[in-house]
Structures are given as structure tokens and as C-alpha cells.
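Each chain, letter by letter, is given below.
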Amino acid sequence: MKTKSVLLLLCLFMMTGMSSQVIYEEFNSTKLQETRRLKIQLPRNYDANIEKVYPIVLVFDADYLFEPVAGNVDYYSYWEEMPEAIVVGIMQGRTRNFDGQYDDTNFLPTEKGANFFEFIGMELIPHIDKNYRTAKFILAVGHEFTANFMNYYLFKDPPLFNGYLSLSPDLAPMMDSRITESISKTPHKIFYYLATGSNDLKPIREVTLELHEKMKTIKKENIHYYFDDFEGASHYSLVGKAIPSALEEIFSIFRPISKKDYDEIILNLKTPVFDYLMTKYTTIENLFGFKTEVRENDIIAIASAAERKKEWTSLEQVAQLALKEHPNTVLGSYYLGRFFEETGEPKKAMRTYQSAFELEEVGFITIDMLLDRADKIKQDFGF
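What counts, and at which threshold
- Residues numbered from 1 in each chain as written.
- Predicted model: local features only at pLDDT ≥ 70, side-chain atom pairs only at ≥ 80, totals over all residues.
- Heavy atoms only, no water.
- Phe/Tyr/Trp six-rings, centres within 6.5 Å; stacked < 30°, edge-to-face > 60°.
- Lys NZ or Arg CZ within 6 Å of the ring centre and 35° of its normal.
- Patch = residues over 30% accessible without salt bridge, like charges linked within 9 Å, V, L, I, M, F, W, Y side chains within 5 Å.
- Areas by Shrake-Rupley, 256 points an atom, 1.4 Å probe, with all protein chains shown as cover.
- Salt bridge = Lys/Arg side-chain N within 4 Å of Asp/Glu carboxyl O.
- Lys, Arg positive; Asp, Glu negative; His and termini not counted.
- Charge placed at Lys NZ, Arg CZ, Asp CG, Glu CD.
- Helix = DSSP H or I, 4+ residues; strand = E, 2+ residues; numbered from the N terminus.
- Buried < 20%, exposed > 50% of the residue type's maximum accessible area, 1.4 Å probe, protein only.
- Pairing = 2+ DSSP bridges.
- Axes fitted to C-alpha atoms, helices over the stretch in contact; angles between N-to-C directions.
- Contact = heavy atoms within 4.5 Å.
- pLDDT = per-residue confidence, 0-100.
- Polar contact = N/O pair within 3.5 Å; in protein donor to acceptor, adjacent residues only side chain to side chain.
- Parallel < 35°, antiparallel > 145°, perpendicular 65-115°, else oblique.
- Left-handed = near helix turned anticlockwise from the far one by under 90°.
- Expected span 1.5 Å × (residues − 1).
- Core = buried A, V, L, I, M, F, W, Y, C linked by side-chain atoms within 4.5 Å.

Visitor: How should I be thinking about the packing of aromatic side chains in this particular structure?
Guide: For any pair of aromatic rings, the description consists of the separation of the ring centres together with the inter-plane angle of the planes. The full count for this structure, using the stated rule, is 28 aromatic pairs. Relative to Tyr335, the ring of Tyr334 has its centre 4.9 Å away and its plane inclined at 65 degrees; by these criteria the two rings are edge-to-face. Every member of this aromatic cluster is reached through a ring pair, and the members are Phe27, Phe60, Phe116, Phe117, Phe119, Phe149, Tyr152, Tyr153, Phe155, Phe161, Tyr164 and Tyr192. Over the face of the ring belonging to Phe98 we find Lys112, whose NZ or CZ atom lies 4.5 Å from the ring centre. Stacked on the ring of Phe254, the Lys or Arg Arg295 has its end atom at 4.6 Å from the ring centre.

Visitor: Just checking my understanding: could you explain a negative patch on the surface for this structure?
Guide: A surface patch of negative charge is lined by Glu361, Asp368, Asp372 and Asp375. Considering the arrangement of structural elements, one finds Asp368 in helix 15 (residues 367-381). Note on Asp368: relative accessible area 53%, which makes it exposed.

Visitor: Sorry, what's going on with the environment of Asp170 here?
Guide: Here Asp170 is to be found in the loop between strand 6 (163-167) and helix 6 (175-185). On the basis of relative accessibility, which here comes to 33%, the residue Asp170 falls in the partly exposed class. It is 25 Å that separates the C-alpha atoms of Asp170 and Met122, two residues lying 48 residues apart in sequence.

Visitor: Just checking my understanding: could you explain the sheet that holds strand 2 (residues 34-42) for this structure?
Guide: In a beta sheet, neighbouring strands pair by backbone hydrogen bonds and run either parallel or antiparallel. The eight strands lie next to each other as 1-2-4-3-5-6-7-8, forming an open sheet whose pairing is mixed. With partners counted over all chains shown, the strands left at the sheet margins are strand 1 (21-29) and strand 8 (223-234), one partner each. When the angles between neighbouring strand axes are averaged without regard to direction, this sheet yields 20 degrees. Inspection of the sheet shows strand 1 paired to strand 2 by nine bridges, in the antiparallel sense. Residue pairing in the sheet places Tyr24 in a bridge with Lys39 of strand 2. Sitting on the sheet, helix 4 (residues 112-131) is in contact with strand 1, strand 2, strand 3 (54-59), strand 4 (86-90) and strand 5 (134-143), with an inclination near 130 degrees to strand 1.

Visitor: Honestly, the confidence of the model for the chain in this entry has me stumped. Any pointers?
Guide: Chain-level pLDDT for the chain is 93 on average; 95% of the residues reach the 70-or-more range. Here residues 1-7 is modelled with pLDDT under 50, and outside its nearest four sequence neighbours on either side it reaches zero contacts, counting other chains as well. Between residues 13-18, whose pLDDT stays under 50, and residues either more than four places distant or in other chains, the model counts eleven contacts.

Visitor: Explain the side chain of Asp99 here, please?
Guide: For Asp99, the location among the structural elements is in helix 3 (residues 96-99). Looking at Asp99, the relative accessible area reads 3%, which means it is buried. A distance of 2.7 Å separates polar atoms of two side chains, one belonging to Asp99 and the other to Arg36. Not counting residues up to four positions away in its chain, the partners in contact with Asp99 are Arg36, Gln92, Lys112, Gly113, Phe116 and Phe149.

Visitor: Would you mind going over a nonpolar patch on the surface with me for this structure?
Guide: A cluster of nonpolar residues, Tyr75, Tyr78 and Trp79, forms a patch on the protein surface that exposes about 340 Å² of accessible area. Its place among the elements puts Trp79 in the loop between helix 2 (62-78) and strand 4.

Visitor: Where do I start with the packing of helix 6 against helix 7 (residues 202-215) in this structure?
Guide: Working note: a packed helix pair is described by the angle between its axes plus the distance between those axes. Helix 7 packs onto helix 6 with a crossing angle of 20 degrees between their chain directions and a minimal axis gap of 9 Å. Considering their axes alone, helix 6 and helix 7 lie roughly parallel with respect to each other. Note on packing geometry: the crossing formed by helix 6 with helix 7 is right-handed. Listed contacts from helix 7 to Asp176, Ser177, Ile179, Thr180 and Ile183 of helix 6 are Glu210, Leu211, Lys214 and Met215.

Visitor: It is not clear to me how the side chain of Thr95 should be interpreted in this structure. Could you clarify?
Guide: Relative to the helices and strands, Thr95 is located in the loop between strand 4 and helix 3. Among the polar contacts made by the side chain of Thr95, one reaches the side chain of Arg36 at a distance of 3.3 Å. Every residue in contact with Thr95, bar those within four places of it in the chain, is listed here: Glu34 and Arg36.

Visitor: What should I look at first to understand helix 7 in this one?
Guide: Every α-helix carries 3.6 residues per turn, so stepping three or four residues along brings you back to the same face. Between its terminal C-alpha atoms helix 7 stretches 20 Å, which fits the 20 Å expected from 14 residues at 1.5 Å a residue. Looking at the packing, one finds that the buried side of helix 7 touches helix 6, strand 7 (190-199) and strand 8.

Visitor: How should I be thinking about the nonpolar core in this particular structure?
Guide: Considering soluble globular proteins, one finds that nonpolar side chains tend to be buried as a cluster. Leu167, Tyr193, Phe251, Leu277 and Tyr335 are the most contacted members of the largest nonpolar core, which totals 77 residues. Excluding anything up to four places from it in sequence, Phe251 contacts Glu81, Met82, Pro83, Phe137, Leu139 and Phe288. Formed by 45 residues, the second largest nonpolar core is a distinct cluster that contains Phe107, Phe116, Phe119 and Ala140.

Visitor: Which parts of the structure should I look at to understand unusual backbone geometry?
Guide: Excluding glycine, a negative phi dihedral is what most residues carry, and trans is how most peptide bonds are arranged. Residue Pro158 follows Asp157 across a cis peptide bond; omega there is 0 degrees. By the element assignment, Pro158 lies in the loop between helix 5 (145-149) and strand 6. Non-glycine residue Glu111 carries a positive phi angle of around 50 degrees. Structurally, Glu111 can be placed in the loop between helix 3 and helix 4. The exposed category is assigned to Glu111, whose relative accessible area is 55%. The backbone of Met174 shows a phi angle near 75 degrees, a positive value even though the residue is not glycine. Structurally, Met174 is set in the loop between strand 6 and helix 6.

Visitor: Explanation requested: the pattern of salt bridges in the structure shown.
Guide: Charged atoms that come close allow side chains of opposite charge to pair. The full count for this structure, using the stated rule, is 24 salt bridges. Measuring nitrogen to oxygen at the nearest pair gives 2.8 Å for the salt bridge that ties Arg96 to Asp61. On the criterion of sequence distance, the pair formed by Arg96 in helix 3 and Asp61 in the loop between strand 3 and helix 2 is long-range, its members being 35 residues apart. Like Arg96, the residue Asp61 is buried in the burial classification. Close ionic contact of Arg96 with Glu144 constitutes a salt bridge, the shortest N to O distance being 3.1 Å. Of this pair, Arg96 sits in helix 3 while Glu144 is found in the loop between strand 5 and helix 5, placing the two residues 48 residues apart along the sequence. Each of Glu307, Arg338, Glu341, Glu342 and Arg373 takes part in salt bridges that share partners, so that together they form one network.

This is the structure we're talking about:
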């Protein structure tokens with residue numbers, strides 16, 4: 001198992017290096033009065049998709065966390081399991097203890113820790129927003145000391161980050177109560193992922209489990225909380241398990257419609273299946289702050305369900321959506337033709353199929369299939 005894990009990480013790192021752009025920046029900070037080194041991974045085809053905006057994944061402890069996070073982001077976004085994202089890493093090798101410095105009395109950022117806090121919110125994020133095409137969604141990732149530090153941004157209104165990926169956090173005193181109190185009161189959507197392991201450092205594991213007990217009692221629609229306790233995982237090995245698990249959980253709504261979704265949810269809906277599709281993509285926009293193209297796979301799934309359930313209005317709606325979202329493909333013409341067939345307008349169906357002659361084929365929907373349907377209608381009705 002250990003060999004397989006190493007091979008997976010190597011594949012992720014190789015994919016990151018070959019397929020995405022990694023930029024190294026020297027950022028001169030006024031707040032810190034020093035220069036900080038950044039690693040920035042841009043999504044595949046970033047330069048080609050000039051209208052597209054991307055969420056930010058902000059990685060603390062980038063000296064060792066950047067590659068695992070960037071590799072997983074690249075991998076999961078390639079398979080559309082999460083949106084493409086700009087990964088920003090802050091190198092902290094010699095400064096992390098100073099960066100996370102907090103007062104011994106109130107346990108809030110002080111001195112260099114306070115400066116670092118302001119550097120993130122007042123300099124770094126505005127710099128990324130100004131120089132790159134960003135969506136209004138930021139997921140922060142921290143481990144141990146930095147996993148504690150990023151929670152201070154929860155106390156802002158609105159919180160600076162939308163998501164918090166907290167890996168084996170070394171929490172400051174009172175932090176567990178402060179986290180739950182802030183999350184309980186905030187009206188904003190927050191994604192919070194917490195992870196430990198059975199072989200985690202004992203003091204850290206105990207505090208993490210205490211935080212989990214408090215977090216799981218929060219029942220609010222705007223709070224999305226996830227927790228993993230990895231059997232056999234240490235303080236360091238849990239990182240490799242937690243990152244993909246967190247991305248899967250946080251971005252679950254973004255994934256394409258699966259066979260399980262189709263069989264267990266869509267076919268059993270009491271409401272129109274087209275409404276399910278629209279709700280899915282509206283939720284993505286509301287949660288993550290950007291619009292995304294409706295996937296061909298999702299259009300086919302909903303159209304198939306509409307046919308199976310004989311929801312012809314839904315079939316027409318999904319056909320019109322396909323014409324809008326994928327005008328160069330046969331999707332819209334095929335499903336609009338099927339709608340006309342099923343609603344007693346064979347001549348319209350025949351002409352719709354014939355009009356798709358020069359469009360791109362999609363999966364099982366081929367030009368020959370459409371022309372065969374048109375010919376059959378012509379023979380059956382004598383047009």
C-alpha cells in the first residue's frame with residue numbers, strides 16, 4: 001500500500017509539472033517589510049480561456065504542502081470532479097512560527113503574526129485578484145500550526161475564506177470554542193473540513209476530536225462540515241489521505257451526474273427532471289461564485305430520464321439548453337427532434353434531424369443516427 005501511495009503522488013507531481021503552469025513570484029510586502037516567495041499554479045489552458053474565472057486554493061506551508069495540493073487539484077479538475085482552480089502557495093520554511101505568532105493572554109495574532117494576518121488579507125489576496133482571473137471563492141489549506149492560524153479569518157465579517165481545509169491543527173487555547181461560536185453565528189456559506197488520524201500526535205488529536213464534537217452539533221444550511229479520522233494515519237501521512245477526501249467532499253455538487261445519481265435520485269423525482277439540472281448548476285454558481293457550462297454528460301443524463309419518464313416538457317427544455325450551451329454539437333437537434341416525434345409533429349422532427357448534418361457528434365448520438373431517424377419518418381409518413 002505504501003508503494004502504491006508513493007506512485008500515486010509521483011504521478012500527481014508529474015502531471016502538475018507537465019500539464020499546468022507553475023509560476024514563482026517574489027512578493028515585496030509592505031506589511032511584513034520583507035519579500036515572500038510564492039508558488040502559483042495556473043489551470044490547464046488558462047491562457048486560452050480568457051473569459052473564464054477560477055476559485056483560489058490558498059496553501060500555507062507551501063514548502064511541503066503545495067505539490068500535494070496542486071497535484072490533486074490538477075487531477076480532480078481534469079476529471080471534472082472539482083472546478084479548475086488557481087493554487088497559490090506561501091513559502092514559510094523559516095518564518096512559519098513567526099507567521100502564526102499569537103498573544104499568550106488572548107491567543108490572537110500579535111506582532112509578526114498580526115502583520116502576517118494583514119499581509120494575507122490586505123496584500124496577497126488583492127494581488128492575486130488583480131493579476132489573475134479569480135472567482136469569489138477561496139479555499140485555504142493548512143497543516144498543524146498554520147491550520148490553527150487560518151481560523152482567525154473566520155472571525156472577520158465576512159470571513160476572508162469560504163473554505164477551510166484543516167489538517168491535524170495545533171489549536172491555540174480557546175480556538176475550538178471560538179471556531180464553533182463564529183461558525184454558529186455567521187450568515188455566510190462556509191465549508192469546513194477537519195482531519196486527524198489514529199496515530200496523530202496525542203495532544204493534537206485530543207483537541208481535534210474535541211473540536212469535532214462541537215462542530216458536529218451545528219446544524220445550519222449555510223455550514224458544510226466534514227470530518228475524517230484516518231485509521232493508522234500519522235500526523236504527516238494523514239495529509240496525503242485528507243487532501244483528496246476534502247476536495248471530493250467540498251466539491252461534491254460540482255461533479256457530473258453519476259449513474260448512482262441517475263438511478264437513485266433522478267428517476268425517483270416527483271418534480272420535473274429538468275428542474276433538478278437547473279438547481280444543480282444554480283447551486284454551483286451560488287456556492288462557488290462562478291457560472292459553469294452545463295456538461296454534455298449531464299444533458300444526456302437528464303434527457304434520458306425525461307424520455308424514460310415521458311416528461312416531454314423537460315425533454316424540450318433540455319434540448320433548448322443543449323442548443324444554447326453546445327450549439328456546434330448534435331445534442332440539441334437530437335433531443336428537440338425526439339420531442340417533436342413524441343408530441344405528434346413528425347415533419348418538424350424530420351427537418352430538425354436533417355438540420356444537424358454538419359454538426360459535431362456526441363457519444364452515441366451520431367449523424368447517421370439522426371439521418372436514419374429522418375429517413376424512417378419520411379417513409380412512415382410519406383413526406
